[in-house]
Structures are given as C-alpha cells and as structure tokens.
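Summary of structural features
Here's the letter readout for the chains.
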Amino acid sequence: MTDTLAPNKTSPAPVAAAPKTGRPRPWRIGDIVDGRQLRVQLTAVALTHGGDERAMRQRALDLLHSALFRGRMIAQERLEAGADGLNTAYLLGAVMDEVLSALYDFTTIHVFRARNPTEGERMAVFAVGGYGRGVLAPSSDVDLLFIRSYKLTPWAESVIEYMLYALWDMGLKVGHSFRTLDECIKLAKTDQTIRTAILDRRFLFGDQVLATRLDARFDADVVAGKGADFVADKLRERNARHNRDGDSRYRVEPNIKEGKGGLRDLQTLFWLAKFIHGGRTLEEVLRNAAFTKADASAFRRAARFLWTVRCHLHYLTGRSEDRLTFDLQPEMAARMGYVAKGGYSGVERFMKRYFLVAKDVGALTRILCAKLEADEQKKPTGLMRFMPPPAPKPLKAKGFVLDGGRLSIVGPEIFQSDPRNLLRLFKLADDEGVDIHPDAMSAARRNVSKLKASYRKDDEARALFLSAATSKRHPGVSLKLMNEAGVLGKYLPEFGRIVAQTQFNMYHHFTVDEHTLKAVETLNDIEIGEAKDLHPLSTELFPKLDHRRALYLAMLLHDTGKGQGDQQIEGAKAARAACRRLGLPKEEAELVAWLVGNHLEMSDTAQRRDISDPATIAQFAKLVGSVERLRLLLILTVADIRAVGPGVWNAWKGQLLRDLYFATEAALRGGRADEESVRRQLARRAEAARAELKASIGELPKALEGVEDAYWVTFDQPTLAWHAAALRSADADVTAGARVDTVRSSTEIIVYAEDRAGLFANLAAVLKSAGANVVAARLYSGAKGHVLDVFDVQDSNGGPLGAEDTLRRQKLIDELVTIAGGAPVARPKAQAASRRHAAFIVEPVVSIDRAASLEHTVIEVSGRDRPGLMYEIADVLNQAGLSIVSAHVESYGARVHDVFYIEVIGGGAPPKDKDSELIESLEAVLRDGEPGAPKTPARTLKRAHASLDR
C-alpha cells in the first residue's frame, strides 16, 4: 500500500480490502485533481486579473476550492461505494497536497515572487501530525510547519500570511507554526508534543536543502540514543489519556480516536516503532524490526476498520466528530452494511465488530509497546555495553523463564507441543506474582488455536484453568490477560460468546465481557477487604462463605445467557454445562447454575418491591432457601451492580440490599418463611423500634402515633429520631422536612398531611418541577385519616438534591406544604427527549400482579423516562379511584421502571374487570413520549427487561 502521496504523484494507490463487493477501482490523483491543469488555470487568472489583486485572489480561491470540493466529493462517493476509510484518508491527503502545492506556487510566483532568493527567503513547508502521515479525515485539521533558514523576512511573512488566510477563507481548519531550524530542534528536545509532530513530518514544497538539513539534525540531535526516554514519555501520555476516557476500550459510546483501543493507540505504536527502528511511511515502519508479519497485518486490518468508521462518522455529522454516541450508532451501522442477523440488531453487530477490533488493538499495542519498552530499558550503557546480557532465569515448570522480572517462555514451541502450557502461563504468572512478558503473550495469541476442544475435559488443563480463574491472589488480572490473549474464550466457549458483545441501551457502560471481568475484580476487592467502606456487609460475610469457588465461577458465567433468550434461564443452562465440563461436583455445579439463574432476583426484589411487606420477604426467603445462598447472592449482586459503570451503584441501593438481607436472614434463621410468621416477626420488630425510640427521645410526636408497623421496620433509629424531630410541630394538619443523607447519596423528604385523593400525584409534580429525581417513595397510614409520605430524591447527577443549597431545600419544603394543604398544582412542563435518548425505541410495558403482596395490588410500569412522568402515572391511578401505598423507582438510561403498591381509595383490591382499561390508560401515558409509536400489547416486565443486566 502507498501511504504517502507527494504532490502531482500519478502512480496508483491501491484500494484496501473493503467490506462490500463491487468496490471502486484504484485511484490516481491526476484523475481527481489535475495539478498541472490547476496551475495553468491559476496562471491564467494572474494574467487576466494582474491589475486587480482582489479579483485575482477571489478567482484563485474559487479554483482551489472547487478542486478541493471535487476531491472530497469523490472520496465520499468512493467510501460509500465500498472503499475503506484508510484509502479514503490517503485520497483526502493527496487532494490536500495538490491544492496546497498549487496555492504555494501561485503565491510565490504570481503574488510575492522572489526572483533572487536571499538566505532569509529560503523556506521549507512540511505537513505534520496526521496530515504528515499522509492521511486526513474529512473534517480534520490541516497541520503545517514552515521552516525558515534563520530570521523572519517580510517576504516569508507575506507568503505565509497569504496562504493561511486563503486556506481559512476556504473553510479549512489549519494548525501552523513558523520556526527556524534551530528552534525546531530545541523545542523538539524539550516538548513531547512538538517532538512527535516533527517525527510525523512530511516535506511538501519549498527549499529541499533546508528540508534535508532538518531531517539530519532531527535524527542526530533528537532521536539518536533517546529511545528509552521517548518510549517512557509516550506510554505515560497514553496512560493519562486512557484514564481521562475511563481506562476501558469497551465503553459503549467509544471515542474512536482518543479512546482505549482506538486510532491514537495505533498511532502511539507507530511513533514508538518509527522512533526506535526507523522508516518514513506506514509501510516502511510496518516492515521494520518492531513488527512480525502477523503483527503488521493485524495493524493494517485495525487501521482500515477504524479509519472507515471515522470517515463515515465525519461525513455523517459534517464535523470532526470522533465519539460513537448512541444517536449515531444506528446510522453508522446502516452505512457500513450491518443488518439484523442471528438474534442481534444491525447496530449490535456493528458495535461488536468495533469492540473486537478495539480488543485486537489493545492486545497488539500492549504486547508491542511493552516489548519496545523492555528492549530499550535493557540496552546497556557505559562499560556494560561490552558485557553479555543476563540470561533469563529458568523456572521449575519446563519451558518457562523469568526474563527481566516477567514470566516468559523459551519459545513458542512449548505451546505447540503441549497446549496446556497456554493455561499454565497464566497460572504461573499468578503464582509468581509477576507480569507476563510481551513475547509470551504474543506467542500465546498466535497459538491459541492449538487449545482444541478435547482439552476442555482434560483433568490437568481443567485444574490449571480453575486455579487461575478462582485464584486467591488476583483472579481478575489473570482472567483479563487470558481474555486479551484469546485463551479465555477459547477454553470456555460460553464466555467466548459474550466477548465484545454489546447492547444498544444507555444503561450499560461496557461490553458484556468487560463488565464480567470488572465484576470479578470487584468480587476480589470485597474478599481482600479493599471495598470495606463501600460494602461493609459483603466484606463481613465473605470469610463466612463455604462455596467461594462457586461464587467466582458464577460471576464469570453470570451473563453467558445474554442474547440467547431469557438471560437467567439460558445463563443457568450455560453455567451448568460449563461447570460439569470443568469437572465440578454435581452439587457445586448446581449451586453455580442457581446463582446464575437468579442473579437479578435480589436487586429486583430490593429495588422493585416493598421489603416491609411480609409477602415480599416470605417469597424471597422461599426462593433463596438457605443463609449460605443468601450470602452468596448478596455479594454477587453487589459486585454485579458495581461493575455496570460509574454512578450506577449508590449508597441507597446498598441500604436496600442490606435491609432485604437482614429481613430474609431473620426469616431463614427462624426456620419459618411463611407470610404469617414473617408478619409476626415484623410486628415484633416494629414494637421494639417504637420502644427504643421512646426510650431515646421521650414522648412520640402525635404524627407518629398510630402509624402502621411497616413504617417502624423500614427505618433505622437515627432516621426515626430525625423524623420525630421534623414532626414535632405537626399538631397542624400539614408539615414537611428535608435532610441530606450522604450515606445513601440522597435527600430525604418527609411530608405529613391529611390524606386525600391525588395527594401523591400532586407531591410528585412539585418534586419533578424542582428538578428532583424520585428514587423511592413510601407512604404510611397514620391516625385520624392522615398519611406520612417519605421520599428519597436525587439531583440529575445522582447526588443529594440541594446538598449545598439550604435555600433551595427550604423553598421545596414550603411548596410541598402549600400543595399538601390543598393548593392547586401546575402540571410539569413536557420536555423532548435528547438526541441520545431518542435513539432508542422504548416500548411501554404495564403489568398488574395480585400475588406479590397479601394486602395490596402491584402495578409495574416501564417506558421512556421524561420530566413529570411519575405525576402523570399517579394522576391516572387517582382518576381510576386508586390510592398509592408505596412507590419504587428505577431508571436504566432512557427507560424508567416504576412499581406501585395500590389499593382502592378506602381500602381493598381494585376489580379485575377494570384491569384492561387501567393498562390501556397507563400505556397511553407512557406512549405520550413516543410520537407515532404503534400500540403494543402488554407483556411481562421480566421478558421486556431481559436485556437489562443489573
């Protein structure tokens, strides 16, 4: 492949492999922009308008812009016809070369001609940055370096100014610098960014002698002997960039340029290889000593795909956009020819392909960057140059050595002769507590196909795998390395199915395999006590577990049912098959399958059910069956939620899970988990809570007299004490209070008022208008027709509402008191969904469950979230003559999931013959945010949310 095209070059640049058939033929730059003809036209302009500088300039710009526009249109047409993005980027670079060269000639010949150039009028112009590599994305900047001999002259200043203003007037974004040769070398020595830019230099036009001098000085003064420093600087820069972007190449809205596994990682590898081993063009660098043929091929494949995505993205958005946001992904998938297939949508197939490429980039750059770093660090200095390098230290395991503190191999033949060594590599690294040498990782990737299916039932291979996957040191690290080398998915095909798998929704932050491995790391953090502050109960329970290995395997396999149907059912089947194949005893395999098959149940129960309801605890206790399973499920659930992404876990969810755990544990330890036994147990706990509060504060406020038992078992003593203090003045009919709860990362609001129809709906409207996101609402019956409503609210960032603004909280309290007293409420203003939200089809779902509670009916609604939705739902329930007893709210990106415990106003269950009418009314409210959406039949929420992994 020709990757650098000089001006007027007429040799063909072959089109790289394209994803579609019927791809365009190879192009010649002369067929797209005829540089000779363009210069003739510009000369004619100078002759025609020589006396009118303004007219001459305008006509020249018209010709140059037309040539540039023609080249860009041809590049876009070829891309849409199947040419790959790297080829497109070369074409755009070549077009820019022709236009710039013609502009330079026009400027120096017809506008500011130097007939007898002095030393100060010698100038060389270079392309730097991406343009210096000969590639341009459709909306990228054009970076130019003007080199002068020694001092700035009026002629040189005029030429540069004329060219830059011409380029800006053509709508180009131009980055430029104008330096002497000495200044270039001095800055390159001290500034990493400038050093890298000049490393990418490509001579365009001007004084060839001056350009040659820069080449020689840069190689001698900046490059020679500085390889180790350059590698260290570049790797630090890369790590800082990764940290800014979340340090994962599997973020579901990736930045294809700056993100981990993106183009910048490939460029970093290119820079390191070029700096250390030389080469000008991409092909020259790929043929140097840094790359094997397989590595070079992998680099080309990844570069072609990523450049194809980037070029399509720039043309689609009309700007320099490098982030694959949710609203752009469907159109990108369609442009690149991905359609629904095998149960996956076109966008999911496209994103899986993207993440597989990012995985390849990650493995390639990790291995080669580490190798280049190690090679440079090992280069001897001083007298050590004349000494032989230290030999690798052999280990007891045949074929394995320690090389420079890293685990390595004597040669790839050890994987070929005994593929078990592919597993032994990771076990030994874990045993020794060392990193794996890049040579060993590279060899493992190349020989992973040797690990045939027969080894999955080989006793020694199974023992090696289980030791690494459930290690007491760092199983998350071992599994990540195994996944990077391709060994994990090869040996455990159930996991292989979810590698790079993504789901098109705003809730998940990572691909399925990345989420799983992060969950394993979180599990390990809990086990070793590093997460004690965040997860005190899980940390306390972990040493009490009898089935540690089953827990780790369940976490590794918990999402293997994704995309196969019902996630939990299919996951349990896959986990059972995998565990039996790995040789686990039947009881342990069944335990793993049970955990996988129920891994969503504890979070669902805690967040979607009223855990003060005896039926909820009784049903969950029957599902779990034992304290050991309860402990395992709690820790699994905590780690699973934590690994979904930043901001998903919060203290409020932790409190709900702890409350559910303690209530269920009490039922299981009591030996009876029927509803009546649980009810008696809750009544005893309620009486004890009342007595304890009285003992600590004295007489209870009148507002708390006669409040139902559910209230007393829901809140801890500090919270009850705060409620009592807030309600001391509740001799009146209405009062309210608010406090910031940093532990649960929310603001707690309590409202005491005389109950009436529509009260909850009106309070919800006030909260929404104040920018409060209600994460939970609990409603308790009090004495003399009064009600006690307790809300937990957060701001739009998932933090306590008004945490630093007491005036805002007081204003909200005053508004709640006014509305609770009977004042009319304004309906919250409707807001259109953002572009990112609008990218998702969110079907409205409603279900009615009469078995989930002994005393109340449970209604679950799910649809697109929007301001005021809770108020509208509550209003529909009020219009239907229903009273809300408690409400539980969850959101998953664009989708909201609300659960309401309801009864007929005055008490009792709603009549069944009104169910269809109620469902239809609620669906209409949910569909209000989906203009033109077809009506969909009601279905179970479990099926509708099968794709949501909490």
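Residues numbered from 1 in each chain as written. Predicted model: local features only at pLDDT ≥ 70, side-chain atom pairs only at ≥ 80, totals over all residues. Heavy atoms only, no water.

1. Some points on the overall build of the protein
For clarity, the threshold we go by: Helix numbers and strand numbers start at the N terminus; a helix is a DSSP run of H or I with at least 4 residues, a strand a run of E with at least 2. Whether a residue is buried, partly exposed or exposed follows from its accessible area with a 1.4 Å probe, protein chains only, as a fraction of its type maximum: under 20%, in between, or over 50%, in that order. Any two residues whose heavy atoms approach within 4.5 Å at even a single point are treated as in contact. Each accessible area is a Shrake-Rupley estimate made with a 1.4 Å probe; only the visible protein chains count as cover when residues are assessed.
Counting secondary structure elements, the protein contains 40 helices and 15 strands. Per-residue burial for the protein yields a buried fraction of 58% across its 950 residues. In the protein, the proportion of contacts linking residues at least 24 apart, taken out of those at least 6 apart, comes to 72%. Taken as a whole, the protein presents about 39,000 Å² of accessible surface, with 50% of it coming from carbon and sulfur.

2. Things to note about the pairing of strand S13 (residues 857-864)
What counts, and what does not: Any two strands with at least two DSSP bridges between them are considered paired.
Most of S13 sits inside the fold, with eight of its eight residues counted as buried. Bridge count between S13 and strand S15 (residues 895-904): eight bridges; the pairing is antiparallel. By the bridge assignment, Glu860 is partnered in S15 with Val899.

3. A few points about the nonpolar core
Under the convention used in this document: Throughout, nonpolar core names a set of buried Ala, Val, Leu, Ile, Met, Phe, Trp, Tyr and Cys residues whose side chains join them through atoms within 4.5 Å.
Formed by 250 residues in total, the largest nonpolar core has its most connected members in Phe291, Phe299, Phe350, Phe465, Val592 and Trp712. In terms of residues, this core owes the most to one element, helix H4 (residues 85-111), which gives 14 residues. Non-local contacts of Val592, meaning those with residues more than four positions away in its chain, are made with Ala550, Leu553, Ala554, Leu557, Ala575, Cys579 and Leu584.

4. Some remarks on the side chain of His437
Relative to the elements of secondary structure, His437 occurs in the loop between helix H17 (421-432) and helix H18 (438-446). For His437, a relative accessible area of 5% translates into the label buried.

5. Remarks on the sheet that holds strand S2 (residues 142-148)
So the rule is basically this: A fitted line through C-alpha atoms represents every axis, and for helices the fit uses only the stretch in contact; the resulting angles, taken between N-to-C directions, go from 0 to 180 degrees.
Taking strand neighbours across the sheet as the criterion, the four strands line up as S3-S2-S1-S4 in an open arrangement whose pairing is mixed. For this open sheet the edge positions go to strand S3 (174-180) and strand S4 (202-206), each flanked by a neighbour on one side alone. Across this sheet, the average inter-strand angle for adjacent strands is 25 degrees, counted without regard to direction. With four bridges connecting them, strand S1 (residues 123-127) and S4 associate as antiparallel partners. The residue of S4 that forms the bridge with Ala124 is Gly206. Here helix H6 (residues 154-169) sits on the sheet in contact with S1, S2, S3 and S4, set at roughly 170 degrees to S3.

6. Observations regarding the pattern of salt bridges
Selection criterion: Note on definitions: salt bridges are taken to be side-chain nitrogens of Lys or Arg within 4 Å of carboxyl oxygens of Asp or Glu.
One pass over the full model with this rule turns up 55 salt bridges. With its nearest N and O atoms 2.6 Å apart, the salt bridge here joins Asp200 to Arg133. In this pair, Asp200 is assigned in the loop between helix H8 (192-199) and S4 and Arg133 in the loop between helix H5 (129-132) and S2, connecting sequence segments 67 residues apart. A relative accessible area of 14% places Arg133 in the buried class. The partner of Asp182 in a salt bridge is Arg217, with the nearest N and O atoms 3.1 Å apart. Taken together, the positions of Asp182 in helix H7 (residues 181-190) and Arg217 in helix H9 (residues 208-223) put the pair 35 residues apart, joining distant regions of the chain. Classification of Arg217 by relative accessible area gives partly exposed; the value is 29%.

7. Here we look at the packing of H4 against H6
Keep this limit in mind: For classification purposes, angles smaller than 35 degrees are called roughly parallel, those larger than 145 roughly antiparallel, those between 65 and 115 roughly perpendicular, and all remaining angles oblique. Whether a crossing is left-handed or right-handed is set by the direction in which the near helix is turned from the far one by less than a right angle, anticlockwise for left-handed and clockwise for right-handed. For this scheme, ten residues count as nonpolar: Ala, Val, Leu, Ile, Met, Phe, Trp, Tyr, Cys and Pro. Four count as charged, namely Asp, Glu, Lys and Arg, and the remainder, Gly too, count as polar.
The geometry of H4 relative to H6 is characterised by a closest axis approach of 10 Å and an angle of 135 degrees between their N-to-C directions. Judged on the interaxial angle alone, H6 and H4 are oblique. In this structure, the crossing between H4 and H6 has a hand that is right-handed. Between H4 and H6, the contacting residues are Leu100, Leu103, Tyr104, Phe106, Thr107, Thr108 and Val111 on the first element and Trp155, Val159, Tyr162, Met163, Ala166 and Leu167 on the second. For the contact of H4 with H6, the residue count by class is 11 nonpolar, two polar and no charged.

8. A short note on helix H13 (residues 293-317)
Here is the rule: Here the expected length of a helix is defined as 1.5 Å per residue gap, with one fewer gap than residues.
Along its 25 residues, H13 runs 36 Å from first to last C-alpha, staying within 8% of the 36 Å computed at 1.5 Å per residue. Within H13, 20 of the 25 residues are buried, which leaves the element mostly enclosed by the surrounding structure. Just past H13, the residue Gly318 takes up positive phi, approximately 70 degrees.

9. Considerations on the packing of aromatic side chains
What counts is decided by this rule: Between rings of Phe, Tyr and Trp, where Trp is taken as its six-membered ring, a pair exists when centres lie within 6.5 Å; planes separated by under 30 degrees are stacked, by over 60 edge-to-face, and by other angles tilted. Here, a charge over a ring is recorded when the distance from Lys NZ or Arg CZ to the ring centre is within 6 Å and its angle to the ring normal is within 35 degrees.
Counted according to the given criterion, the structure contains 17 aromatic pairs. Here Phe146 and Phe178 contribute two aromatic rings whose centre-to-centre distance is 6.4 Å and whose plane-to-plane angle is 90 degrees, an arrangement assigned as edge-to-face. Placement of the pair is Phe146 in strand S2 and Phe178 in strand S3, with a sequence separation of 32 residues. Given a relative accessible area of 22%, Phe178 falls into the partly exposed group. Judged by centre distance (5.3 Å) and plane angle (80 degrees), the ring pair of Tyr354 and Phe355 falls under edge-to-face. Like Tyr354, the residue Phe355 is buried in the burial classification. Here the aromatic cluster, defined as three or more aromatic residues joined through ring pairs, consists of Tyr711, Trp712, Phe715 and Tyr780. Seen from the ring of Phe305, Arg353 lies directly overhead, with NZ or CZ sitting 5.0 Å from the centre.

10. Concerning the packing of H4 against H13
Closest axis-to-axis distance for the H4/H13 pair is 6 Å, and the angle between their directions is 65 degrees. Of the residues in H13, those touching H4 at Gly85, Leu86, Thr88, Ala89 and Leu92 are Ala303, Arg304, Trp307, Thr308, Cys311 and Tyr315. The class makeup of the residues in the contact of H4 with H13 is seven nonpolar, three polar and one charged.

11. What to know about unusual backbone geometry
Unusually for a residue other than glycine, Ala500 sits at a positive phi of about 65 degrees. Inspection of the secondary structure assignment puts Ala500 in the loop between helix H22 (493-496) and helix H23 (512-527).

12. Some remarks on the environment of Arg72
Structurally, the position occupied by Arg72 is in helix H3 (residues 53-80). Placed 20 residues apart in sequence, Arg72 and Leu92 show a C-alpha to C-alpha distance of 6.5 Å. The residues touching Arg72, leaving out its near neighbours within four places in the chain, are Leu92, Met96, Pro138, Leu172 and Tyr315.

13. Side note on H8
Heads up, the condition is: We call two N or O atoms a polar contact when they sit within 3.5 Å, provided that within protein one can donate a hydrogen and the other can accept it, with sequence-adjacent residues counted only if both atoms are side-chain atoms.
Here H8 lies mainly inside the structure; six of its eight residues are buried. Within H8, the full set of buried residues consists of Gln192, Ile194, Arg195, Thr196, Ile198 and Leu199. Looking at the buried side of H8, the elements it contacts are S2, S3, H7, H9, helix H10 (227-244) and helix H11 (263-277). Between the side-chain oxygen of the N-cap and the backbone nitrogen of Thr193 there are 2.9 Å, and the N-cap of H8 in question is Asp191.

14. Some words on the sheet that holds strand S6 (residues 400-403)
The three strands lie next to each other as S5-S6-S7, forming an open sheet whose pairing is antiparallel. Strand pairing shows two members of the sheet lacking a second neighbour, strand S5 (393-394) and strand S7 (406-409), which therefore form its edges. Where S5 and S6 come together, two bridges link them in antiparallel fashion. Counterpart to Lys393 in the pairing with S6 is Leu402. The strands that H17 touches are S6 and S7; relative to S6, the one it contacts most, it runs at about 45 degrees.

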